[in-house]
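A closer look at the structure
Listed below are the residues making up each chain.
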Amino acid sequence: MSAIKARGISKSFGNRCVLKAIDLEVEEGDLFAIIGPSGAGKTTLLRILCSLQPPDSGTVTILGKQMSYREAEDLPLRRRMSFISQKPIAFRETVRENVAYPLRVRGIENGNEMVYHALQHVGLLDLADNLGVTLSGGELQRMAFARATVYNPEVLILDEFTAHLDPYNIKMLEDAVVSYRKEKGATVLTVTHNLFQAKRIASTTAFMLDGVIVEQNETARIFNSPADERTGSFVRGEMIF
Ligand SMILES: Nc1ncnc2c1ncn2[C@@H]1O[C@H](COP(=O)(O)OP(=O)(O)OP(=O)(O)O)[C@@H](O)[C@H]1O
Ligand SMILES: [Mg+2]
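Below is a short write-up of the structure. This is a predicted model, so every value here is computed, not measured.

**Quick look at the sheet that holds strand S5 (residues 65-66)**
With antiparallel pairing, four strands are arranged side by side in an open sheet as S2-S1-S4-S5. Two strands close off the open sheet at either side, each with one partner strand: strand S2 (16-27) and S5. With five bridges joining them, strand S1 (residues 2-13) and strand S4 (residues 57-62) adopt antiparallel strand pairing. The residue of S4 that forms the bridge with Ala6 is Val60.

**Points about the environment of Ala146**
Looking at the element boundaries, Ala146 is found in helix H5 (residues 137-149). Taking the C-alpha atoms as reference points, Ala146 and Leu195, separated by 49 residues in sequence, lie 24 Å from one another. With near-sequence residues (within four places) excluded, Ala146 lies in contact with Val99, Ala118, Leu119 and Val122.

**As for the coordination of the magnesium ion (ligand 2)**
At 2.0 to 2.6 Å from the magnesium ion (ligand 2) lie its protein donor atoms, namely Thr43 (OG1) and Gln86 (OE1). Taken as a pair, Thr43 in helix H1 (residues 42-49) and Gln86 in the loop between strand S6 (81-84) and helix H3 (95-105) lie far apart in primary sequence, 43 residues in all. Judged by relative accessible area, which is 35%, Gln86 ranks as partly exposed.

**Focus: the pairing of strand S7 (residues 155-159)**
S7 sits mainly inside the fold: five of its five residues count as buried. The two faces of S7 match: Val155, Ile157 and Asp159 on one face and Leu156 and Leu158 on the other face are all buried. Across four bridges, S6 lies against S7 in parallel orientation. Residue pairing across strands places Ser82 opposite Leu156, the latter belonging to S7. In terms of strand pairing, S7 meets strand S8 (residues 187-191) through five bridges, oriented parallel.

**Observations regarding the site of ligand 1**
The full set close to ligand 1 counts 13 residues, and Arg16, Ser38, Lys42, Thr43 and Thr44 are the nearest of them. Ser38 is positioned such that a nitrogen or oxygen atom in its side chain is 2.4 Å from an oxygen atom of ligand 1. Contacts to ligand 1 include His193, whose side-chain N or O atom sits 2.8 Å from an oxygen atom. In isolation ligand 1 has 640 Å² of accessible area, and contact with the protein removes 62% of it.

The rules we used
- Residues numbered from 1 in each chain as written.
- Chains lettered and ligands numbered in written order.
- Predicted model: local features only at pLDDT ≥ 70, side-chain atom pairs only at ≥ 80, totals over all residues.
- Heavy atoms only, no water.
- Pairing = 2+ DSSP bridges.
- Helix = DSSP H or I, 4+ residues; strand = E, 2+ residues; numbered from the N terminus.
- Contact = heavy atoms within 4.5 Å.
- Donors = N, O, S within 2.8 Å, 3.2 Å for Na, K, Ca; no water.
- Buried < 20%, exposed > 50% of the residue type's maximum accessible area, 1.4 Å probe, protein only.
- Near = heavy atom within 4 Å.
- Polar contact = N/O pair within 3.5 Å; in protein donor to acceptor, adjacent residues only side chain to side chain.
- Areas by Shrake-Rupley, 256 points an atom, 1.4 Å probe, with all protein chains shown as cover.

This is how it looks when you write it as C-alpha cells:
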C-alpha cells in the first residue's frame with residue numbers, strides 16, 4: 001500500500017505555475033528522496049502533502065485517508081505525520097520542553113521516557129536543560145528531529161534536514177532517520193540538494209524540475225542509468241542553474 005499518494009497536484013502563485021499536475025506515490029516503509037534544483041517546487045509540494053497549504057487542484061491521500069484541507073478535519077491525520085521545515089525554530093524554553101511540545105498538544109501525560117529516548121537518539125541529552133534558542137545550527141536541527149519524532153509519527157516528511165551542517169551533524173541526523181524508519185517501520189519522504197545523501201540513505205529517488213517529476217526509480221537506477229537526459233545531467237552535476 002502507498003503511504004503517500006498525490007494525484008494531479010497543481011499550484012500557482014500569481015500567474016506563476018509552480019507545480020504542474022504532479023503524481024507521486026510513496027510506498028509504506030520506503031525512504032524516498034526528492035532531488036532537484038532550487039525553485040523546482042519541492043518545498044511547495046511537501047507543504048501541500050502535509051496539509052499546510054491547499055493545492056489549486058488534485059488530491060492527496062495519506063495512509064489511506066484523503067486530505068480535506070480543512071484544519072479541524074485534517075488534524076487527526078496530521079497528528080500521525082510530521083514535517084521538519086527547511087528552517088526549524090526553537091521555542092523560548094528548554095530543549096527538553098521543546099521536544100515535549102508535541103506530547104503536550106496531544107494531551108499525552110507521563111511522556112518523560114519518550115522525550116528521553118528522542119533526545120538520546122540525536123545525542124542531545126547533555127543539552128536537555130539549556131534553552132532551545134541557544135543551540136547551534138546542527139544542534140537545532142537535531143532538536144527539531146527529536147521534536148518531530150517524539151510521538152512516533154508513521155509518516156515523516158523532511159525538507160533539507162541537513163542543510164548547512166558539518167559532516168558530524170549530517171552523519172548523526174542521517175543515522176537518526178535511517179534507524180527511526182527501521183525501528184518504527186515509518187515512511188520517510190525527504191527533499192535534499194545533497195545528491196550523496198540521497199545515494200546514501202534513500203531506496204527510491206525522484207528528480208523534480210520546474211514543477212514536474214521528471215523521473216522516479218530505485219536510487220541506484222536514478223544515479224547510474226537514468227532514463228531521462230535531464231536527470232542524467234543533474235546527477236552528473238552538469239546542469240547549470
Ligand atoms: N507563498 C508563496 N508566494 C509566492 N511565491 C512562492 C510562494 N511559495 C513559493 N513560491 C515560489 O515558488 C517557487 C518554488 O518554491 P519552493 O520553495 O517550492 O522551491 P524549492 O524547490 O523548495 O527550492 P529550494 O531548493 O531553494 O528550497 C519559488 O520560485 C518560490 O519563490
Ligand atoms: Mg525548498
